[in-house]
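One letter stands for each residue in the lines below.
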Amino acid sequence: MTREPTNRIEISGVSNAPIVTGGKNRGTISGGTIQYGATPEQLGDLVGLLTRLKAEVGRSGVEKREIIEDNLDDLAEDVRNPAEANPAVALSRWEKVKRLLAGAGDFTELIGKISESVGKIFA
């Protein structure tokens with residue numbers, strides 16, 4: 001005895017949006033827009049936080065400061081253009097910064113704020 005599936009999907013009429021499979025958009029959108037996880041204001045706020053962290057890192061004596069600053073610059077560019085950014089790469093950049101700043105208590109508050117925003121945009 002076979003059971004008919006209960007999770008049926010019926011598409012009728014004009015379908016002009018991409019199909020999402022495996023967590024990735026497949027196809028193009030006509031007559032629509034893509035909405036990302038953050039508003040333009042939130043993206044601007046995050047760029048501001050990344051800039052502030054870079055400035056504070058630059059004034060500090062943390063090891064591998066140049067690597068941290070380079071990753072923060074790249075991440076800020078990803079945030080400015082989230083549609084063009086590779087989410088896995090952006091998240092990797094942020095994880096590297098956090099790892100390099102581990103134990104530096106001066107940055108804890110900024111790291112928390114940035115982590116929350118980065119997670120919303122690129123997760």
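What counts and what doesn't
- Residues numbered from 1 in each chain as written.
- Predicted model: local features only at pLDDT ≥ 70, side-chain atom pairs only at ≥ 80, totals over all residues.
- Heavy atoms only, no water.
- Core = buried A, V, L, I, M, F, W, Y, C linked by side-chain atoms within 4.5 Å.
- Buried < 20%, exposed > 50% of the residue type's maximum accessible area, 1.4 Å probe, protein only.
- Helix = DSSP H or I, 4+ residues; strand = E, 2+ residues; numbered from the N terminus.
- Contact = heavy atoms within 4.5 Å.
- Salt bridge = Lys/Arg side-chain N within 4 Å of Asp/Glu carboxyl O.
- Expected span 1.5 Å × (residues − 1).
- Arc of directions from axis to C-beta.
- pLDDT = per-residue confidence, 0-100.
- Axes fitted to C-alpha atoms, helices over the stretch in contact; angles between N-to-C directions.
- Parallel < 35°, antiparallel > 145°, perpendicular 65-115°, else oblique.
- Left-handed = near helix turned anticlockwise from the far one by under 90°.
- Nonpolar A, V, L, I, M, F, W, Y, C, P; charged D, E, K, R; others polar.

> Explain the nonpolar core to me, please; I cannot follow it from the model alone.
Generally speaking, soluble globular proteins have nonpolar side chains that are buried together. Among the nonpolar cores identified, the biggest contains 26 residues, and Leu 50, Leu 53, Val 79, Trp 94, Leu 101, Ile 114 and Phe 122 are the most heavily contacted of them. Of all elements in the fold, only helix H1 (40–59), helix H2 (65–80), helix H3 (87–100) and helix H4 (108–122) reach the threshold of two or more residues within this core. The contacts of Val 79, once residues within four sequence positions are left out, are Leu 43, Leu 46, Val 47, Leu 50, Ile 121 and Phe 122.

> Looking at this structure, how should I read the side chain of Asn 71?
By the secondary structure assignment, Asn 71 is in helix H2. On the accessibility criterion, Asn 71 (12% relative accessible area) is buried. Excluding anything up to four places from it in sequence, Asn 71 contacts Arg 93, Lys 96 and Val 97.

> In this structure, what is going on with unusual backbone geometry? I would like to understand it.
Phi is mostly negative for residues that are not glycine, and the peptide bonds are mostly trans. Even without being a glycine, Lys 64 presents a positive backbone phi close to 60°. Tracing the backbone through its elements, the reader meets Lys 64 in the loop between H1 and H2.

> Sorry, what's going on with the pattern of salt bridges here?
A side chain with one charge can pair with a side chain of the opposite charge if their charged atoms come near. Under the defined criterion, the tally for this structure stands at ten salt bridges. A salt bridge links Asp 73 to Lys 54, with the nearest nitrogen and oxygen atoms 2.9 Å apart. Of the two residues, Asp 73 is situated in helix H2 and Lys 54 in helix H1; the sequence distance between them amounts to 19 residues. With a closest N to O distance of 3.2 Å, Lys 113 and Glu 109 form a salt bridge. Taken together, the residues span about one helical turn, with Lys 113 and Glu 109 both in helix H4 at a distance of four residues.

> Please explain H4 as it appears in this structure.
Because an α-helix packs 3.6 residues into every turn, residues spaced three or four apart end up facing the same way. For H4, with 15 residues, the first-to-last C-alpha span of 21 Å sits near the 21 Å given by 1.5 Å per residue. Taken together, the buried positions of H4 are Leu 110, Ile 111, Ile 114, Val 118, Ile 121 and Phe 122. Across the axial projection of H4, the buried residues extend over an arc of 95°, all falling on one side. Residues Thr 108, Glu 109 and Glu 116 are exposed on H4 and point more than 90 degrees away from its buried face. Buried residues in H4 make contact with H1, H2 and H3.

> So what exactly am I meant to see when it comes to the confidence of the model for the chain here?
Low pLDDT means the predicted coordinates in that region are not meant to be read closely. Taken as a whole, the chain shows an average pLDDT of 81; of its residues, 70% reach a score of 70 or greater. Under a pLDDT of 50 for its full length, residues 31–36 has, in the predicted model, three contacts with residues more than four places off or in other chains.

> What is the right way to read the packing of H3 against H4 from this model?
For any two helices packed against each other, the geometry is given by the interaxial angle and the distance between the axes. For the pair H3 and H4, the least separation of the axes is 10 Å and the interaxial angle reads 165°. One finds that H3 runs roughly antiparallel with respect to H4. For the pair H3 and H4, the crossing hand works out as left-handed. Residues Pro 87, Ala 90, Leu 91, Trp 94 and Lys 98 of H3 lie in contact with H4, whose contacting residues are Ile 111, Ile 114, Ser 115, Val 118 and Phe 122. Its residues assigned to classes, the contact of H3 with H4 comprises eight nonpolar, one polar and one charged.

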